[in-house]
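In case you want the letters, here they are:
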Amino acid sequence: MAENATLKLNGKKYEIPVVKGTEGELGLDIKTLRGESNGAITLDPGFKNTGACQSAVTFLDGEKSILRYRGYSIEDLAEKASFTEVSYLLIYGELPDKKQLEEFESQLAEEAKVEEGMKTILKGFPAKGKPMGILASLTSALESFHTDLINYDSEEDMDKAIIKVLGKFPILVAWTLRNYHGQDLVEYDKDLGYVENLLQMMFKKSGEEYKVDKTIESALNKLLILHADHEQNCSTSTVRIVGSSDASLFASLSAGVSALSGPLHGGANEKVVHMLEGIKEDDGDTQRYMEKAKDKNDPFRLMGFGHRVYKNFDPRAKIIKKSADEVLGQLGIEDPVLKIAENLEKEALEDEYFVKRKLYPNVDFYSGIIYRALGIPTELFTVMFAMGRLPGWIGQWREMRLRNEPIGRPRQIYIGENKREYKDIEER
Ligand code: ACO
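Residues numbered from 1 in each chain as written. Predicted model: local features only at pLDDT ≥ 70, side-chain atom pairs only at ≥ 80, totals over all residues. Heavy atoms only, no water.

Enquirer: Requested: an account of the sheet that holds strand β4 (residues 58-61), with residues and values cited.
Expert: Spatial ordering of the open sheet is given by β4-β5-β6, a layout of 3 strands whose pairing is antiparallel. Of all the strands in the sheet, just β4 and β6 (72-73) have a single pairing partner and so form its edges. Pairing between β4 and strand β5 (residues 66-69): 4 bridges, direction antiparallel. Bridge pairing links T58 to Y69 in β5. (Pairing = 2+ DSSP bridges. Helix = DSSP H or I, 4+ residues; strand = E, 2+ residues; numbered from the N terminus.)

Enquirer: I'd like a description of a nonpolar patch on the surface, backed by residues and values.
Expert: Together, L43, I413 and I415 give the surface a local cluster of nonpolar side chains, amounting to about 370 Å² of exposed area. Since its relative accessible area comes to 79%, I415 is described here as exposed. (Patch = residues over 30% accessible without salt bridge, like charges linked within 9 Å, V, L, I, M, F, W, Y side chains within 5 Å. Areas by Shrake-Rupley, 256 points an atom, 1.4 Å probe, with all protein chains shown as cover. Salt bridge = Lys/Arg side-chain N within 4 Å of Asp/Glu carboxyl O. Buried < 20%, exposed > 50% of the residue type's maximum accessible area, 1.4 Å probe, protein only.)

Enquirer: So what's going on with the packing of aromatic side chains? Which residues, and what values?
Expert: Enumeration over the complete set of coordinates arrives at 12 aromatic pairs. With 5.6 Å between their ring centres and 65 degrees between their planes, Y289 and F300 make a pair best called edge-to-face. Separated by 11 residues along the polypeptide, Y289 in helix α13 (residues 286-294) and F300 in the loop between α13 and α14 (315-331) bring together distant segments of the chain. Comparing Y289 with F300 shows no difference in burial state: the two are buried. A cation sits over an aromatic face here: K128 above Y180, 4.2 Å from the ring centre. For the cation-ring pair, K318 lies above F313, with the distance from its terminal atom to the ring centre recorded as 5.4 Å. (Phe/Tyr/Trp six-rings, centres within 6.5 Å; stacked < 30°, edge-to-face > 60°. Lys NZ or Arg CZ within 6 Å of the ring centre and 35° of its normal.)

Enquirer: If you had to explain the site of the ligand to someone new, which residues and values would you point to?
Expert: Around the ligand lies a shell of 22 residues, among which K296, R301, L302, G304 and Y353 are the nearest. Contact distances for the ligand include 2.7 Å between an oxygen atom and a side-chain N or O atom of R301. Protein contact buries 78% of the 920 Å² of open area that the ligand shows by itself. Considering only residue class, the shell around the ligand consists of 10 nonpolar, 5 polar and 7 charged. (Near = heavy atom within 4 Å. Polar contact = N/O pair within 3.5 Å; in protein donor to acceptor, adjacent residues only side chain to side chain. Nonpolar A, V, L, I, M, F, W, Y, C, P; charged D, E, K, R; others polar.)

Enquirer: Explain the side chain of D364 to me, and be specific about the residues and the numbers.
Expert: Examined against the element boundaries, D364 turns out to sit in helix α17 (residues 364-373). For D364, which is buried and forms no salt bridge, the nearest opposite charge comes from R316, at a distance of 6.9 Å. When neighbours within four sequence positions are excluded, D364 is seen to be in contact with H227, H265, A268, N269, V272 and F385. (Lys, Arg positive; Asp, Glu negative; His and termini not counted. Contact = heavy atoms within 4.5 Å.)

Enquirer: Give a detailed account of the state of the cysteines, specifying residues and quantitative values.
Expert: Considering all chains together, one arrives at 0 disulfides under this definition. Free of any disulfide, C53 has its nearest neighbouring cysteine sulfur in C234, separated by 14 Å. Taking the relative accessible area as the measure of exposure, C53 reaches 23% and is therefore partly exposed. In this structure C234 comes out as partly exposed when scored by relative accessible area, which is 46%. (Disulfide = S-S within 2.5 Å.)

Enquirer: So what about the pairing of β5? Which residues, and what values?
Expert: Taking every second residue as pointing to the same face, the buried face of β5 carries L67 and Y69, while none of I66 and R68 on the other face is buried. Linking β4 back to β5 in an antiparallel pair, the connection comprises 4 residues, with S65 at a positive phi of about 60 degrees. Sheet analysis places β5 next to β6, joined by 2 bridges and oriented antiparallel. Its bridge partner being in β6, Y69 is matched across the sheet by Y72.

Right, dumping it as structure tokens:
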């Protein structure tokens, strides 16, 4: 605990305890302020400057471009680890040893099946329904098939639900894609790994053998790791806040998927590719779009640029840019939108408007280009993001429960009408 801060309000002084994080961040603990001060609260729409919890999962420093999961740098993890290793790390706090990883992966494989009723639900959706809506519904539907896993009296109970959902989620993701294409569903193959399975369940053609391309597997593994956690972002905060009401893991994750679907959060990668396509069709005139992005009377924003916390390069964007070059090179794909993206990035980094506001490319700026190269339709990009973010949501949910955090319930400053008399309808 650092020394207290002092607040002076209406002539009275209040001692505010200061909490210090392991990386030196300071938080003013105002838990008791309202009670002591007869009603004063802090006001911070969008929680731009509000810490909702103390967490040991992910550290990021937006000014210094640092992102670490459980202390390990994102650069090391993206380069060296597998997605299942990173999932274990985020959820349980340590990298698994060989035996732990084998056991974890075999538990996940054991759960990699879904009930016939789930297939019926999926088939009820229109093929071109909104994929994130379908994924959120399927995640929420899991709860009804596993009613024994919605109350958690112990860590063991929680773990059962965690393994269940982590094992089944790739199926939900892959089948959302197959439903989109109107294709038959492909089952999990116990001889393949987690990421390989995701690919074969998405892309295997009926009656044909599917050989996993190592370049594609490694690029997807990296993308999933880069998206796996990002501390208290919109969807993660949603998962924690829904879970804080003692709602089940399935319900909390379904809410997380819905939060991620918005274009200002996970939906941005889809918007980036639409934007790049639009610029391509408009003779590749990046300069015109730069002007539109800067014009305050034009609602257009440069998608994939800017970030609530990064006021410097998003470290994930750097890794993804390199990976996009490698994947396209190795697969022999020439994608004209990559060139447009590079031009936009160059122009924005030299433009006073973007420099002054510290707007840099974020994780979504290049990820869509890789997803396209892997054969994933634009409308499904955010579903892939959800697949990556799943272990982060789970790790944060588990932490929230183990720390016995109270139910999330923000306050407000009321700005509506004062008390007035009810009038009968004839008198209004
Ligand atoms: N293009 C043009 N101007 C922008 C952009 C952009 N992409 N992003 C921010 N600005 C401007 C704003 O107009 C504002 O200008 P002003 O100070 O003159 O009013 C200033 O930069 C600050 O912007 P805010 O919206 O206040 O920043 P905030 O931190 O609230 O928003 C956000 C961050 C939502 C990501 C924003 O930068 C944005 O809309 N970016 C495009 C969407 C996007 O890429 N989202 C993905 C985020 S990453 C993720 O969720 C995984």
